[in-house]
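Close look at the chain arrangement
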Amino acid sequence: MQTQDKLSDGQLSDEQSREVAEMIREEIARRRISRQALAEQAKLSLSTLEKALGGRRPFTLATTVRLEQALGVSLRKSTAMPAPAAGNDVAPDGLGSYSHRAVTWLEGVYITLRPSFGDKDAIFAYRTEIVWEPKVSSLVFREGERTDAAYEHTGEVAVPHQSGFIYLVINKHGQHRVITVSRPTVTGAMYGIISTLRAGAGSQLMPVAAPIAYVPIANVKEPKLGRIMPDDPSHASYLSHLRRTVDESFALFLSV
């Protein structure tokens, strides 16, 4: 099988490579195909695909084009975002026009907690890092160590002055996932609501909203990630964080 790129060897930026990798993982999960099958369709070696998806090497333009042809979708943004001026440390107006210095208290690694969409009594726990990204001049969040790695997200963080809430937003081709959380408590934890889509029967998707909590990983003595069942020693502590979302009026769920 021919695996050498004969097109341009130009490499995508780290941010572009992360976006392409995320879209590919989503397509693989949605279509329920293996990475080996995709590599064969794109006439790439599995090793090349694995390294690029794992962030161990950037995507090249040639590799990206082959994957686009194999999947029949565009993996690159149609319009290029202008790069911020050198030394600019103020986020765009659409994210709240905050300066880096004003939001350093948000940067860090958190354990993210929400109800499992698949198991009624389980809690889904994974890692989220919030950092300042100079290339886009704003805070970004990056999820990791999810048991459903294909759905790990990277997105923008909006910190508007008007509402006093923080928004973690994913926008992929017009499909949004929005997380709205409070400003950190005295312990650094944030509580709120996630609004997203969950897998339904077959290939169907269904809108879903649920409580969510971000707890600084330094506050958790023995962090446990994955699907946390009721018999797990971490379950009671994690559940107490999720209940705070409603019990202490960080968010309100209306009934009809």
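The model shown is predicted, which means the values in this text are computed figures rather than measured ones.

Tracing the chain through its elements places T245 in helix α5 (residues 235–247). Among the residues examined, T245 registers a relative accessible area of 0% and is labelled buried. If we skip the residues at most four places from it in the chain, T245 touches Y191, G192, P211, I212, F250 and A251.

The final tally for this structure, using the stated rule, is four aromatic pairs. Summarising the aromatic geometry, the rings of Y110 and Y214 are spaced 6.2 Å apart at their centres and angled 90° between planes, so their arrangement reads as edge-to-face. Taken together, the residues Y110 in strand β1 (residues 108–115) and Y214 in strand β8 (residues 205–216) connect sequence positions 104 residues apart. Like Y214, Y110 is buried.

Before going further, it helps to examine unusual backbone geometry. The phi torsion at K43 lies on the positive side, around 55°, for a residue other than glycine. Secondary-structure assignment places K43 in the loop between α2 (35–41) and α3 (46–53). A positive phi is found at S249, a non-glycine position, where the angle reads about 60°. The residue S249 is located in the segment after α5 in this model.

Moving on, we get to the confidence of the model for the protein. A low pLDDT means the predicted coordinates there should not be read in detail. Summarising the model, the protein shows a mean pLDDT of 84, and 86% of its residues fall at 70 or more. The lowest-confidence element of the protein is helix α4 (residues 61–71), averaging 81 in pLDDT; the highest-confidence one is β1, averaging 95. Contacts of residues 1–9 to residues separated by more than four positions or lying in other chains number 22 contacts, the stretch itself having pLDDT below 50. Below a pLDDT of 50 lies the segment residues 78–87, which in the model reaches four contacts outside its immediate sequence neighbourhood of four places, other chains included.

The subject of this paragraph is α3. What α3 keeps buried is the set T48, L49, A52 and L53. Burial along α3 is one-sided: seen end-on, the buried residues are contained in an arc of 120°. In the segment just after α3, G55 is the residue with positive phi, at about 80°.

For β1 and strand β2 (residues 123–133), the ladder comprises eight bridges, and the chain directions are antiparallel. Paired with L113 across the strands is A125, a residue of β2. Relative to β8, β1 runs antiparallel, the two sharing four bridges. By the bridge assignment for β8, Y110 is matched with P216.

Definitions and cut-offs
- Residues numbered from 1 in each chain as written.
- Predicted model: local features only at pLDDT ≥ 70, side-chain atom pairs only at ≥ 80, totals over all residues.
- Heavy atoms only, no water.
- Helix = DSSP H or I, 4+ residues; strand = E, 2+ residues; numbered from the N terminus.
- Buried < 20%, exposed > 50% of the residue type's maximum accessible area, 1.4 Å probe, protein only.
- Contact = heavy atoms within 4.5 Å.
- Phe/Tyr/Trp six-rings, centres within 6.5 Å; stacked < 30°, edge-to-face > 60°.
- pLDDT = per-residue confidence, 0-100.
- Arc of directions from axis to C-beta.
- Pairing = 2+ DSSP bridges.

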